[in-house]
Amino acid sequence: MTITIFLGALIGAMMLGVPIAFSLLLSGAALMWHLDMFDAQILAQNVIEGSNSFPLLAVPFFMLAGEIMNAGGLSKRIVNFAMTLVGHVKGGLGYVGIMAAIIMAALSGSAVADAAALAALLLPMMNRAGYDPARSAGLLSASSIIAPIIPPSIGFVVFGVAANVSVSKLFMAGIAPGIMLGAALWFTWWWLVRKEKITAPPRASKAEVLAAFKDATFALVLPVIVVVGLKFGVFTPTEAAVVAAVYALLISTLVYKELKLNQLYGLFLAAAKTTSVIMFLVAAAMVSAWMITVANLPAELVALLEPLLDNQTLLMFAIMGVVILVGTAMDMTPTILILTPVLMPIVKAAGIDPVYFGVLFMINNAIGLITPPVGTVLSTVAGVGKISMDQVTKGVWPFMIAQFALLFLMVIFPELVMVPARWFYG
C-alpha cells in the first residue's frame with residue numbers, strides 16, 4: 001500500500017504535467033499524510049537540508065566551466081585538432097566527433113552542453129560532406145553522453161551525495177568505462193560507413209597537426225589538471241570544479257581572447273538557471289528519500305528481491321532493466337535522485353561494490369538521455385542541428401544498442417570497471 005501511494009502520487013502528478021521537482025515534493029507529502037505524520041516544518045527542513053551539501057557546490061562551477069568552454073573557443077579548437085588527426089579517413093568526421101566528445105567530456109561534465117557544441121560545430125560539416133543526416137545526428141547524440149561518465153561528471157556528484165559514496169572514487173572509476181563507450185561508438189561507426197562513398201578531405205600535414213595541437217594545448221591541459229589533481233589528492237571534486245571554471249575563464253579571456261567581458265553576465269546567468277533546476281530537484285528529492293526511509297520501503301524491496309541477492313549478476317541485470325524503463329520517461333538527475341535511496345540498500349545487502357554500481361547506474365542513466373520518447377540530448381541535437389526529432393531518433397538506434405551491449409558486458413564482467421578503477425584511485 002505504501003509503495004502504491006508513493007508511486008501513484010509521483011506518476012499521477014507527472015501525468016498531470018506537474019514539474020518533476022514539485023511531483024517529488026507531492027509524493028513525499030502524500031507519504032507523510034499516509035503515515036499520519038504530516039508536518040510542514042519537517043517538509044521545509046528536508047528541502048533545505050537536501051541542498052545543504054558541500055559536494056553539491058561542484059554543480060554550479062562545472063556548469064559554468066561548460067558554458068565558458070563553449071563560448072570561449074575551447075570546443076572549437078578540440079574539434080579542429082581531432083580533424084587534423086582523423087579527418088582524412090573514410091567516415092573521418094564521425095571519428096572526429098567521437099574524439100572531440102571524449103576530450104570535451106573531461107571539460108564540462110554535461111551531456112547537453114557537449115551535444116549543443118558538437119551539433120553546432122560538426123553537424124553542418126557532416127551534412128555538407130554527404131553523410132547521412134540522421135546517422136550523423138545519432139552519432140553526435142550518442143557521443144555526447146560520454147560526458148556524464150568521464151570526470152568531471154555532474155551526475156556522479158549528484159549520485160555520490162545521494163548514495164553517500166566517494167565522489168573522487170566515482171570520478172576515477174568512470175575514466176575507463178567512458179573511453180570504452182567511445183570505442184564502442186568508434187567500432188559501430190566504422191561498421192556503418194565502411195561501404196559508403198564519401199570523399200574525405202586530404203590528410204593534414206605534420207605541420208598542420210602540430211599547429212592544431214599547439215592551438216588546442218590549453219584546452220587539452222584542463223582534463224589532465226583535473227584527473228591528476230584528484231588522483232593525488234591536490235583538491236576535492238568541489239575544488240576541482242572551481243579550478244576548471246577559473247581555468248576555462250582565464251584561457252578564454254586572456255589566451256584565446258574569444259570571450260568578452262560583456263558576455264560573462266549571460267554565461268553566469270545561463271549556468272545559474274541550469275544549476276537552480278538541478279539543486280531544486282535535489283532538495284525536493286531529499287523529502288521523498290527521507291520518507292522512503294521512514295516508510296521502510298527499501299526493506300520491502302530487499303525482501304521482494306531476496307531470491308536474487310545471492311546472485312549479483314542476475315540482480316544487476318534486474319536493476320539495470322528497471323533503470324532502462326525509467327530512463328525512457330525521465331531525465332537523468334531525477335532518475336538518480338528517485339532510484340538511488342531505493343536501490344542502494346539492495347546493492348549493499350547483495351555485497352555489490354557501491355562504486356561499481358554507481359558507474360553502471362550512471363552509464364544506464366546517461367544512455368537514457370538518448371532513449372525516446374524523452375531523450376533530452378536528442379532534443380538538443382535536433383534543435384541545434386535544425387533536424388527533425390524523428391531523424392535523430394532513427395539515427396541513434398545502432399549506437400544506443402552498442403552502448404547497451406557494453407553496459408551488459410560490464411554487468412557480466414565487473415573487472416572491466418573495477419580493475420582500471422583500482423589503478424586510478426588505488
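Scoring rules and cut-offs
Residues numbered from 1 in each chain as written. Predicted model: local features only at pLDDT ≥ 70, side-chain atom pairs only at ≥ 80, totals over all residues. Heavy atoms only, no water. Helix = DSSP H or I, 4+ residues; strand = E, 2+ residues; numbered from the N terminus. Rg over C-alpha atoms; globule rule 2.2 N^0.38 Å. Buried < 20%, exposed > 50% of the residue type's maximum accessible area, 1.4 Å probe, protein only. Contact = heavy atoms within 4.5 Å. Areas by Shrake-Rupley, 256 points an atom, 1.4 Å probe, with all protein chains shown as cover. Lys, Arg positive; Asp, Glu negative; His and termini not counted. Charge placed at Lys NZ, Arg CZ, Asp CG, Glu CD. Bend = angle between axes of the 7 residues up to and from the residue. Core = buried A, V, L, I, M, F, W, Y, C linked by side-chain atoms within 4.5 Å. Phe/Tyr/Trp six-rings, centres within 6.5 Å; stacked < 30°, edge-to-face > 60°. Lys NZ or Arg CZ within 6 Å of the ring centre and 35° of its normal. Patch = residues over 30% accessible without salt bridge, like charges linked within 9 Å, V, L, I, M, F, W, Y side chains within 5 Å. Salt bridge = Lys/Arg side-chain N within 4 Å of Asp/Glu carboxyl O. Expected span 1.5 Å × (residues − 1).

## Some thoughts on the overall build of the protein
At step 1: A tally of regular secondary structure across the protein gives 20 helices and 0 strands.
At step 2: In summary, the protein has a C-alpha radius of gyration of 22 Å against a globular reference of 22 Å for 426 residues, a match within 12%.
At step 3: In terms of principal-axis extent, the alpha carbons of the protein reach across some 70 × 45 × 45 Å.
At step 4: Expressed as a percentage of the 426 residues in the protein, the buried residues total 54%.
At step 5: Partitioning the intrachain contacts of the protein with sequence separation of at least 6 by distance along the chain shows that 79% fall at a separation of at least 24.
At step 6: When the accessible surface of the protein is summed, it comes to about 17,600 Å², and 69% of that surface belongs to carbon and sulfur atoms.
At step 7: Charge-centre separation for the protein: the mean point of 20 positive side chains lies 19 Å from the mean point of 18 negative side chains.

## Comments concerning the side chain of Ser-252
At step 1: Here Ser-252 lies in helix α12 (residues 237-255).
At step 2: With a relative accessible area of 0%, Ser-252 lands in the buried category.
At step 3: Not counting residues within four places of it along the chain, the set of residues in contact with Ser-252 comprises Ile-68, Gly-72, Leu-74, Lys-257, Glu-258 and Leu-259.

## Considerations on helix α11 (residues 206-231)
At step 1: Considering bend angle alone, the principal kink of α11 is centred on Thr-217 and spans about 55°.
At step 2: Turning to α11, the residues buried within the fold contact α5 (74-86), α6 (92-108), α10 (167-193) and α12.
At step 3: Looking at the residues trailing α11, positive phi occurs at Gly-233, about 70°.

## Brief notes about the nonpolar core
At step 1: Counting residues in hydrophobic clusters, the biggest one holds 148 residues, and the most contacted among them are Phe-159, Trp-189, Phe-357, Leu-360 and Ile-370.
At step 2: Here Trp-189 is in contact with Gly-91, Gly-94, Tyr-95, Ile-98, Met-126, Tyr-131, Arg-135, Leu-139 and Phe-399, once residues within four sequence places are set aside.

## Quick word on the packing of aromatic side chains
For any pair of aromatic rings, geometry is given as the distance between the ring centres together with the angle between the planes.
At step 1: With the rule as written, the count across this model stands at 13 aromatic pairs.
At step 2: Ring-pair connections join several aromatic residues into one group, and the members of that group are Tyr-131, Trp-189 and Phe-399.
At step 3: The aromatic ring of Tyr-256 is capped on one face by Arg-77, whose charged end is 3.8 Å from the ring centroid.
At step 4: Sitting over the face of the ring of Trp-191, Arg-194 holds its NZ or CZ atom 3.7 Å from the ring centroid.

## Description of a nonpolar patch on the surface
At step 1: Side chains of Leu-57, Phe-61, Phe-218, Val-242, Val-246, Leu-250, Leu-254 and Val-255 sit close together on the surface and give an oily, nonpolar patch of about 640 Å² of accessible area.
At step 2: A per-element tally of the nonpolar patch places α12 first, with 5 residues.
At step 3: On the secondary structure map, Leu-254 appears in helix α12.

## Section: helix α19 (residues 389-412)
At step 1: Between its terminal C-alpha atoms α19 stretches 34 Å, which fits the 34 Å expected from 24 residues at 1.5 Å a residue.
At step 2: Along α19, the sharpest kink reaches roughly 40°, centred on Trp-397 and followed within four residues by the proline Pro-398.

## So, the environment of Ser-168
At step 1: You can see Ser-168 is positioned in helix α10.
At step 2: What makes Ser-168 partly exposed here is its relative accessible area of 25%.
At step 3: Residue contacts for Ser-168: discarding those within four places in its chain leaves Leu-230 and Pro-237.

## Thoughts on unusual backbone geometry
At step 1: Phi at Lys-257 takes a positive value of approximately 55°, unusual for a residue other than glycine.
At step 2: Looking at where Lys-257 falls in the secondary structure, it is placed in the loop between α12 and α13 (261-294).
At step 3: What makes Lys-257 exposed here is its relative accessible area of 54%.
At step 4: Within the chain, Lys-386 stands out as a residue other than glycine whose phi angle is a positive 55°.
At step 5: Here Lys-386 lies in the loop between α18 (376-385) and α19.

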